[in-house]
Each structure stands twice: as structure tokens, then as C-alpha cells.
Amino acid sequence: MRKFYFLLLLLVPAISQAVGQPIVNLPNDTILTALMQKHKVPALGIGVIENNELKNAKVLGELKSGAPAPVNTIFQVASLTKPIVEMTTLRLVSKGLWSLDEPLSKYWIDPDVKNDPRNKRLTTRHVFSHQTGFVNWRWLHSTGKLAFDFEPGTKTQYSGEGLEYLKHALEVKFKMPLAVIADKYLFKPDGMKDTHFFWDGSVTEDRYAVPHNKANEPYEIRKNKETSAADLLMTTVSDYTTFGANVLKKKGLSDKVWQDMIHIQSKEPDAKFGLGWEVFNNLKGKEFALVHGGSDPGVRTIIILLPESKRGLVIFTNSDNGMSLIRDIIRESLDIGEELLERAK
């Protein structure tokens, strides 16, 4: 009887976690490698969060043909740049150093829209909920310039230009480059020592995941020398997953800002954006998800955060084929994976 009781005690923690705390059921490396080969993806980085902590960070595959990818591989993560800038800004808001609803015109007006009175109504809230009225990039607009397609706050239209606009306003207000602001309020406090906005002396090709096209051919490496608030961030899986864990911990965020962040901002029927994140409510098990993806030539990335169950999943790939691999991993790893993929279409 004593022996049985002792064994029961040993099993209790495992049983409790299985029943009360969902996990991220990541496929093993053999399966992941087979999936990479199936989808023709050279390098794969995965970070797992459980109980609001970084549980695992791994990298499989090659930087390019014949060059094994180390665990500290640097990936270009495309639009996963945006959550970095957004969470930095929300920490400033939580400290009372910035306002979500103050017109950005107080600090910056883009020359292209200086004669449009709508510039006086544009706010950080509009930027984070993608309700600026701007197209993604000004060169995509019929005029070739930055222009308002609608009144800020009335519709949703995904825009990297909004983040670039905010960058200028922040830099004027704080009298320092955006990279320095992020370093002060996010990178250093969170121990993100291997995250970079541009190619400086600390970024080298010997651990950079070279982007690849669908035929598995490498693209020319794009070595940007300026900070973008919307694109081209370079980071490791460990750094970015740590960042995700700290979002779940609400690090540096007031309760009010957190509630604002997870609340869908637009009243449009199909609106999904809170402040910076796509928000998927009413998932199985009373779960909700905060999601952001990234896509550039040869780059596909995603972060999924599940605040109710304190879980998260970060996936980086260096291939135009990456999204099909990402979908397979989400489907296999998360109990709400299939539902989330269906909702995200």
C-alpha cells in the first residue's frame, strides 16, 4: 500500500499538468525534419512557451546549402518587427510617457499628407489597429505617395506605413532613434541581446538564415542599414520567444493597457485587430489567441500567444514555402491549432 501511495505521489504533478494545464505538443525532431523536407524549407526555428516561460527553443536545418544552422541562428522575421515596436510603445504608454490617443501631428506630419486635414486626427491607436487610412506601403498607392484612403478610425486596412509614421513621432518626442528607444525600454530589460533592426557590426552572415525561394534557391541577402518600424528585424528564436513570454506576463504593461491591447478596436463585423495583435476570441476551452505573422521574400514567420493557458508558439522559416510548414506545425502542436487556422483564413 505504501509503495502504491508513493507511486501515486510521483504521478500527481504529471496528472495535474495533463488535466489542468494544456501544453504545446511539439512534434519530435525526426518528424519536423521530415516536414521541412516535404515543404522544401532549409531552416526552421521554433520557440515554445508554457506557464508563461520559455520552455524550449530550437533550430533545425541549414542557413544555406552545406551550412548547418546553429541554435542561435539569426532570422529575418519580416512583420514580426511590428509587435516589437508596438510593445515598446505600450510600455511607454503604461509609464505615462506616451498617449494612445494624442494626435501624432503634435510631433510629426509626413510631407505627403501635410495638406490633408486628416493628419490632425491620426493617433497611435489607429496605427496599432491598422485604421490609419494608409495602404501597406506608399509605393503601392495609385499616387505613389502616402495618402489617406479614408478617415482614420473608420475602417481597417493593414499598413506598414502607419508604423513608420509612428517611428518618426516617437523619435521627435524622445529625441533618440527608435532602435535606442527599443533597446532602453524592451531589449535590455528583457535580456534580448541578439535582436537587431539593421545590419550593424554584430550581425554576420555566418549564422544568418539566408532567405530562399520556392525552388529552394537563395535570395540575395538584403542588408538594410536603417531601422524600419514595420519590417526587417533580425533576431533569434530564443530572444523572440522570451519576448513573447514577457508579453504573456504583461511585463511593463498596466492593466488598462493590457485590456486595451486584447480588445478588438474596430466595430466592423470581421475586425480582428486589438492593439498590434490579431485577436481570436471564443476558441475551444475558453481560450483566446494573440497572433501576428510575417512575410517577406524568402521569409515566413508567426507568433501565437494563448493568455488563458499561458502558452505560446514562435515559428521562423527562411523560405517562400514556409507557411505550409508553419500550418502543419500549428495543427500538430496546439489543441486549438485546427480551429485557429480555420478562423485565420
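Refer to the structure printed above.
On to the nonpolar core. The biggest cluster of nonpolar side chains holds 65 residues, and the ones touching the most others in it are I84, L90, W98, Y240, M261 and L290. By residue number, the principal contributor to this core is helix 6 (residues 178-187), which donates seven residues. Not counting chain neighbours up to four residues away, the residues in contact with L290 comprise W258, M261, I262, W277, E278, V279, I303, I304, L305 and P307. Residues L35, L306, I330 and L341 belong to the second largest nonpolar core, which totals 27 residues.

As enumerated under the stated definition, the model contains one cavity of 30 Å³ or more in all. If you add up the space inside the largest cavity, you get close to 30 Å³. Counting residues per element, the ones that place at least two in the lining of the largest cavity are helix 3 (81-94) and helix 7 (237-248). Ranked by residues supplied to the lining of the largest cavity, first place goes to helix 7 with three residues. By residue class, the composition of the lining of the largest cavity is three nonpolar, one polar and three charged.

Attention shifts here to the pairing of strand 8 (residues 299-306). With eight of eight residues buried, strand 8 lies mostly within the body of the structure. Here strand 8 shows no split at all, with V299, T301, I303 and L305 on one side and R300, I302, I304 and L306 on the other all buried. As paired strands, strand 7 (residues 287-296) and strand 8 are joined by seven bridges and run antiparallel to one another. The residue of strand 8 that forms the bridge with S295 is R300. Counting the residues between successive antiparallel strands, the hairpin from strand 7 to strand 8 contains two residues, one of them, G298, with a positive phi of roughly 80°. Where strand 8 and strand 9 (residues 311-317) come together, seven bridges link them in antiparallel fashion. From the neighbouring strand, L306 faces strand 9, where its bridge partner is R311. Hairpin remark: strand 8 followed by strand 9, antiparallel, with four residues in the connecting loop; positive phi at K310, about 60°.

Considering only enclosed or pocket space, the largest pocket measures out at about 460 Å³ in volume. Residues that form the lining of the largest pocket fall into these classes: ten nonpolar, five polar and seven charged. Reported here for the second largest pocket is a volume of approximately 170 Å³. Taken together, 13 residues form the lining of the second largest pocket, with K40, V41, P42, E62 and N216 sitting closest to its centre. Along the lines of polarity and charge, the residues of the lining of the second largest pocket split into four nonpolar, six polar and three charged.

What follows covers the packing of aromatic side chains. Within the structure shown, the criterion is met by ten aromatic pairs. Measuring from ring centre to ring centre gives 5.8 Å for F134 and Y165, while their planes differ by 25°; the resulting arrangement is stacked. Taken together, the positions of F134 in the loop between helix 4 (124-128) and helix 5 (160-174) and Y165 in helix 5 put the pair 31 residues apart, joining distant regions of the chain. Across this residue pair, the class does not change: F134 and Y165 are buried. Members of the aromatic cluster, joined through ring pairs, are F75, Y240, F243 and F316. In this arrangement the basic side chain of K223 is found over the ring face of W199, its NZ or CZ atom lying 5.0 Å from the centre.

What counts as what
All chains use their own residue numbering, which begins from 1 and follows the written sequence. Only residues with pLDDT of 70 or above have their local features reported here, since the model is predicted, and side-chain atom pairs are shown and tallied only from 80 upward, although totals for entire chains, interfaces and linings are computed over all residues. The basis for every side-chain value is the complete set of non-hydrogen atoms in the structure, without hydrogens or water. In plain words, nonpolar cores are sets of buried Ala, Val, Leu, Ile, Met, Phe, Trp, Tyr and Cys residues tied together by side-chain atoms within 4.5 Å. Each residue's exposure class comes from its accessible area (1.4 Å probe, protein chains only) as a fraction of the maximum for that residue type: buried when under 20%, exposed when over 50%, partly exposed otherwise. The helix count covers DSSP runs of H or I at least four residues long, the strand count covers runs of E at least two residues long, and both are numbered beginning at the N terminus. Contacts between residues were defined by any pair of non-hydrogen atoms, one from each residue, lying within 4.5 Å. Only protein atoms enter the 1 Å grid used here, on which a cavity is any set of points holding a 1.4 Å probe that cannot leave and a pocket is any open set flanked by protein within 12 Å on both sides along at least five of seven lines; residues with an atom within 4 Å of a point are listed as lining. Grid points are joined across faces, edges and corners, and a volume is the space filled by probe spheres set on the points. When residue character is reported, Ala, Val, Leu, Ile, Met, Phe, Trp, Tyr, Cys and Pro are called nonpolar, Asp, Glu, Lys and Arg charged, and the others, Gly included, polar. Strand pairing requires that DSSP identify at least two bridges connecting the strands. Any Phe, Tyr or Trp ring, taking Trp's six-membered ring, that has another such ring centre within 6.5 Å forms a pair; planes under 30 degrees apart are called stacked, those over 60 apart edge-to-face, and the others tilted. Whether a charge lies above a ring is judged from NZ of Lys or CZ of Arg, which has to be within 6 Å of the ring centre and within 35 degrees of the ring normal.

In short, the description is geometric, and any link to function would need to be established separately.
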